[in-house]
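# A structural walkthrough
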Number of protein chains: 2
Amino acid sequence: MALIVQKYGGTSVGSTERIRNVARRIARFHRQGDQLVVVVSAMSGETNRLLALAKELCEAPDPRELDVVAATGEQVTIGLLAIALQAMGLKARSYTGAQVRILTDSAHTKARILEIDDAAMRRDLAAGTIVIVAGFQGVDAEGNITTLGRGGSDTSGVALAAALAADECQIYTDVDGVYTTDPRIVPEARRLDRITFEEMLEMASLGSKVLQIRSVEFAGKYKVKLRVLSSFEDPDVTSPGTLITFEEQEDMEQAIISGIAFQRDEAKITLMGVEDRPGIAAAILGSIAAANIDVDMIVQNIGASGHTDFSFTVNRNELARTLDVLKGENGKSFRAREIVGDARIAKVSLVGIGMRSHVGIASRMFKALADENINIQMISTSEIKISVIIDEKYLELAVRVLHRSFELEKAQGELV
Amino acid sequence: MALIVQKYGGTSVGSTERIRNVARRIARFHRQGDQLVVVVSAMSGETNRLLALAKELCEAPDPRELDVVAATGEQVTIGLLAIALQAMGLKARSYTGAQVRILTDSAHTKARILEIDDAAMRRDLAAGTIVIVAGFQGVDAEGNITTLGRGGSDTSGVALAAALAADECQIYTDVDGVYTTDPRIVPEARRLDRITFEEMLEMASLGSKVLQIRSVEFAGKYKVKLRVLSSFEDPDVTSPGTLITFEEQEDMEQAIISGIAFQRDEAKITLMGVEDRPGIAAAILGSIAAANIDVDMIVQNIGASGHTDFSFTVNRNELARTLDVLKGENGKSFRAREIVGDARIAKVSLVGIGMRSHVGIASRMFKALADENINIQMISTSEIKISVIIDEKYLELAVRVLHRSFELEKAQGELV
């Protein structure tokens with residue numbers, strides 16, 4: 001008998017038909033003797049509908065009231081799922097975030113969980129009752145309804161699993177696990193049976209979008225065993241999904257590369273001919289940070305004759321604003337001969353924990369790209385990741401070439 | 001400066017455009033210096049949508065979970081109205097039933113209010129903040145979300161007015177007050193400036209539908225000054241609506257008849273040739289009560305030769321079930337020669353507190369109907385009401401004839 005926390009996202013509960021499927025899946029685990037705490041999102045489209053109503057009344061609605069409105073989405077789902085389970089003859093009981101109680105700080109629309117009271121859930125579980133909890137929401141110390149921000153239901157699931165010391169936290173989504181890369185681009189992309197926490201972090205932040213980054217960080221911090229599964233498969237069948245692990249396993253023939261992530265929503269900015277003196281990077285990025293613009297990759301080339309070129313990437317939506325900020329600041333804290341922006345770029349990243357102990361991965365990557373005449377505009381590396389910025393039009397080609405070059409279609413461990 | 005509780009129903013907040021109009025109206029009272037507690041229903045259609053989702057999953061959903069789902073309707077509206085008021089530069093704060101806290105018993109879907117904590121509301125009002133409260137809902141002692149049942153938002157408004165000892169409870173609806181009868185049937189029907197609590201009770205229970213009966217009873221118990229107004233008039237204009245009073249005013253030229261109510265959703269059942277002996281009515285109605293069917297009018301004629309005819313009315317939806325129950329029971333606790341049902345009937349009632357001190361009202365009513373050849377099938381009287389059952393096809397004619405006969409189109413007090 002295991003204590004399992006399951007989290008179902010908006011598309012998994014997007015209609016009463018799908019809610020009934022979710023109930024069937026839960027019932028199967030219940031019949032196996034597992035204790036279940038189920039976290040659900042709002043039915044797909046519902047949160048957007050609610051936020052749109054608020055926006056019709058005010059361009060920038062008060063966050064406290066926005067949370068009051070938005071939190072209803074999950075509240076509807078918990079009631080409906082409890083009803084669906086009861087219709088199958090099972091005992092089920094729903095809880096809002098405030099009812100559980102999931103105590104958060106008061107940062108409305110992006111609150112952080114401070115504490116979870118497990119008393120009511122433990123009592124229900126001991127009585128054979130399936131516990132259903134509204135994701136994405138909590139309550140602050142003054143009793144105000146809070147939300148954890150977009151995708152916060154994953155975090156709710158992981159936090160509940162941590163609070164209950166659950167055996168596993170299963171995140172059900174519309175894909176059946178984490179893949180070596182996007183199967184829409186590389187048909188041979190393979191589902192990974194397991195992936196390390198660090199790799200998952202890189203995959204998620206690079207746009208794999210299977211899990212919210214914050215929930216993965218949270219799982220890592222509390223050593224929650226996290227598994228990504230599909231809610232769209234036959235509810236009477238168990239598929240293994242992808243397990244996210246937090247320790248490298250000694251007996252594992254560790255793959256060098258786990259997957260290839262990519263992102264096409266970045267833009268590159270280059271400041272040409274800036275002075276090559278200490279503090280210049282801080283001056284440039286300081287003006288960007290002051291405007292609340294997030295920077296991803298940063299590259300500075302070694303300059304000649306006291307001048308250098310300085311490049312970085314931002315979210316593509318921020319390109320125009322970033323250029324405005326820089327041009328306004330140019331001549332004050334820094335001086336650039338020219339400032340150019342390029343939105344037609346893409347980032348491709350090799351991710352793999354095994355990379356740490358294997359040399360030559362970078363050169364193999366660059367050669368594979370060069371063989372296809374794909375020019376690399378920027379490079380950034382970390383312990384378990386190598387990212388390159390290339391012309392956007394080569395994105396699919398680059399991903400396919402790298403997937404083949406590192407033989408990712410083959411099962412893990414086969415590659416030496 | 002007055003403390004006013006305003007309640008807006010579902011059609012009044014049925015769109016963001018209408019919510020903005022409600023906010024404009026509230027703002028006007030606020031500018032006058034009034035302190036405001038505003039109770040709102042779910043946006044029109046929303047409660048039905050939510051209940052339909054639950055019904056798709058289970059024919060008879062668990063009431064606790066149904067309340068969890070249904071309560072979200074009002075929660076959305078409180079947040080949106082607060083946002084609309086804030087967009088106008090006013091201070092506003094929303095509260096769910098649980099947040100206020102409106103403590104109820106645990107009778108889910110038809111809970112009764114036990115206690116209201118006014119601390120948070122008083123604090124807000126003192127700070128010049130407009131308080132917005134979700135109608136229709138509360139919380140039980142264990143923290144479960146409860147609802148007061150259909151139309152419960154009126155009751156919420158009155159209960160809050162009582163708890164706060166408000167100067168007035170204004171119920172905004174889609175009509176601008178209580179009329180002498182339905183203006184769709186009698187175009188000359190006149191809005192009443194005031195109506196007594198007892199008359200209103202009779203008007204409401206007879207289908208005038210302006211206010212929920214329970215809320216009127218509640219207002220009477222706690223002497224809450226209740227006013228019915230329209231939310232569809234220009235929000236910048238004050239219309240007097242209809243005031244519901246609890247004392248007869250001495251200086252008032254009291255009208256004999258306040259209005260004519262009617263109802264077409266009843267059915268008549270007659271048991272012919274039952275024994276005329278003590279206990280027979282109890283035996284018949286006992287079987288009906290045991291089946292949980294509500295009975296409205298009851299008439300027993302004086303019989304001849306030890307037998308009598310016994311008639312009563314039930315809700316039209318219950319006719320078939322009532323006949324089944326009676327036929328099943330016939331020959332056991334009572335014996336009827338024949339049991340017949342008639343769904344094509346209507347009830348028409350004269351209502352007026354002045355009726356008590358004026359003889360001849362009944363005969364004048366019966367004569368007016370007889371003059372039009374309208375046959376009276378059943379008669380029932382109370383201190384302030386005379387009801388007759390007639391063939392449904394004469395309903396409109398009867399209402400018009402009586403309205404004219406008692407000169408209800410003229411202002412109150414003119415009729416002697």
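Residues numbered from 1 in each chain as written. Chains lettered and ligands numbered in written order. Predicted model: local features only at pLDDT ≥ 70, side-chain atom pairs only at ≥ 80, totals over all residues.

Attention shifts here to the packing of helix 1 (residues 16-31) of chain B against helix 4 (residues 72-87) of chain B. All names here are of chain B. The interhelical angle for the contact between helix 1 and helix 4, taken along N-to-C directions, is 60°, at an axis separation of 9 Å. Classed by the angle they form, the pair helix 1 and helix 4 counts as oblique. Crossing of helix 1 over helix 4 shows right-handed handedness. In contact with Thr16, Ile19, Arg20, Val22, Ala23 and Ile26 of helix 1, helix 4 contributes Leu80, Leu81, Ala84 and Leu85. Of the residues contributing to the contact of helix 1 with helix 4, the split by class is eight nonpolar, one polar and one charged. (Axes fitted to C-alpha atoms, helices over the stretch in contact; angles between N-to-C directions. Helix = DSSP H or I, 4+ residues; strand = E, 2+ residues; numbered from the N terminus. Parallel < 35°, antiparallel > 145°, perpendicular 65-115°, else oblique. Left-handed = near helix turned anticlockwise from the far one by under 90°. Contact = placed C-beta atoms within 7 Å. Nonpolar A, V, L, I, M, F, W, Y, C, P; charged D, E, K, R; others polar.)

Taken together, the contact pairs 29 residues of chain A with 29 residues of chain B. The set of elements that each furnish at least two residues to the side of chain A that touches chain B consists of helix 1 (16-31), helix 2 (46-57), helix 3 (63-70) and helix 4 (72-87) of chain A. When residues in the side of chain A that touches chain B are grouped by element, the largest group, 11 residues, is from helix 4 of chain A. For the side of chain A that touches chain B, the per-class residue count stands at 17 nonpolar, eight polar and four charged.

Residues and elements named next belong to chain B. Summarising the element assignment, Ser311 is placed in strand 16 (residues 307-315). Spatially, the C-alpha atom of Ser311 lies 5.2 Å from that of Val299, the residues being 12 residues apart in sequence. Those residues in contact with Ser311 that sit more than four places away from it in its chain are Lys268, Ile269, Thr270, Val299 and Met378.

Now for the domain arrangement of chain A. Residue and element names in this part refer to chain A. The domain boundaries assigned to chain A delineate domain 1 (3-247) and domain 2 (249-416). For domain 1 and domain 2, the distance between their C-alpha centres works out to 32 Å. Across the boundary between the two partners, domain 1 contributes 19 residues, which contact 20 residues of domain 2. Residue assignment for the side of domain 1 that touches domain 2 shows that the elements contributing at least two residues are strand 10 (194-196) and helix 8 (197-208). If you tally residues by element for the side of domain 1 that touches domain 2, the top one is helix 8, at seven residues. (Domains from an automatic or database assignment.)

All names here are of chain A. Pairing in this open sheet of eight strands is mixed, and the strands run 3-6-2-1-9-11-12-10 from one edge to the other. Taken across any chain shown, the strands that pair with only one partner, and hence form the sheet edges, are strand 3 (92-95) and strand 10. With strand direction ignored, the average angle separating the axes of adjacent strands in the sheet is 20°. Contacting strand 1 (3-8), strand 2 (35-40) and strand 6 (130-134), helix 1 crosses the sheet at an angle of about 160° to strand 2. Set on the sheet, helix 6 (residues 119-126) makes contact with strand 2, strand 3 and strand 6; between it and strand 6 the angle comes to about 150°. (Pairing = 2+ DSSP bridges.)

Let us look at helix 7 (residues 152-163) of chain B. Residue and element names in this part refer to chain B. Over its 12 residues, helix 7 extends 16 Å from the first C-alpha to the last, a length consistent with the 16 Å expected when each residue adds 1.5 Å. Among the 12 residues in helix 7, 11 count as buried, and that is most of the element. Positive phi appears at Ala165, one or two residues downstream of helix 7, with a value of about 50°. (Expected span 1.5 Å × (residues − 1). Buried ≥ 20, exposed ≤ 12 C-beta atoms within 10 Å, placed from the backbone.)

In the superposition of chain A on chain B (RMSD 0.2 Å, axial shift 0.2 Å), the rotation amounts to 179°. Taken together, the rotation and translation describe the operation of a two-fold axis. The C-alpha atom lying nearest the rotation axis in chain A is that of Thr72 of chain A; the distance is 2.5 Å. Here 100% of the interface residues in chain A have copies in chain B that are interface residues too; the copies meet face to matching face. (Least-squares fit on C-alpha atoms with pLDDT ≥ 70 in both.)

Residues Val100 of chain A and Arg101 of chain A are joined by a peptide bond in cis, for which omega reads 15°. Turning to its location among the elements, Arg101 of chain A is positioned in the loop between helix 5 (97-100) and strand 4 (102-104). Of note, Phe136 of chain B is a non-glycine position whose phi angle comes to about 75°, a positive value. In this structure, Ala165 of chain B is a non-glycine residue whose phi angle is positive, near 50°. Here Ala165 of chain B is to be found in the loop between helix 7 and strand 9 (168-173).

General note: in soluble globular proteins, nonpolar side chains tend to be found buried as a group. Grouped together as the largest cluster of nonpolar side chains are 222 residues, with contacts concentrated most on Val38, Leu81 and Ile132 of chain A together with Val38, Leu81 and Ile132 of chain B. Filtering out sequence-adjacent residues up to four positions away, Val38 of chain B remains in contact with Gln6, Tyr8, Ile26, Leu81, Ile130, Val131 and Ile132 of chain B. (Core = buried A, V, L, I, M, F, W, Y, C linked by C-beta atoms within 7 Å.)

The subject of this paragraph is the sheet that holds strand 18 (residues 345-351) of chain B. All names here are of chain B. Overall, antiparallel pairing links the four strands, which are arranged 13-18-20-19 in an open sheet. Either end of the sheet is taken by a strand with one partner, and the two such strands are strand 13 (259-263) and strand 19 (376-382). The mean angle between the axes of side-by-side strands here comes to 20°, regardless of whether they run parallel or antiparallel. With seven bridges joining them, strand 18 and strand 20 (residues 385-391) adopt antiparallel strand pairing. In the sheet register, Ser349 faces strand 20, and the bridge partner there is Ser387. Contacts between helix 13 (residues 395-405) and the sheet are confined to strand 13, strand 18 and strand 20, with strand 18 contributing the most and set at about 15° to the helix.

Here the focus is the pairing of strand 13 of chain B. Residues and elements named next belong to chain B. The element strand 13 is largely enclosed, with a buried count of five among its five residues. On strand 13, burial covers both faces: Gly259, Ala261 and Gln263 on one face and Ile260 and Phe262 on the other are all buried. Summarising the sheet, strand 13 and strand 18 pair through five bridges and their orientation is antiparallel. Paired with Gly259 across the two strands is Val351, which belongs to strand 18.

Now for the pairing of strand 3 (residues 92-95) of chain B. Residues and elements named next belong to chain B. Burial along strand 3 is two-sided: the face carrying Ala92 and Ser94 and the face carrying Arg93 and Tyr95 are both buried. The sheet contact formed by strand 3 and strand 6 (residues 130-134) spans four bridges and is parallel. Residue pairing for strand 6: Ala92 is matched across the bridge by Ile130.

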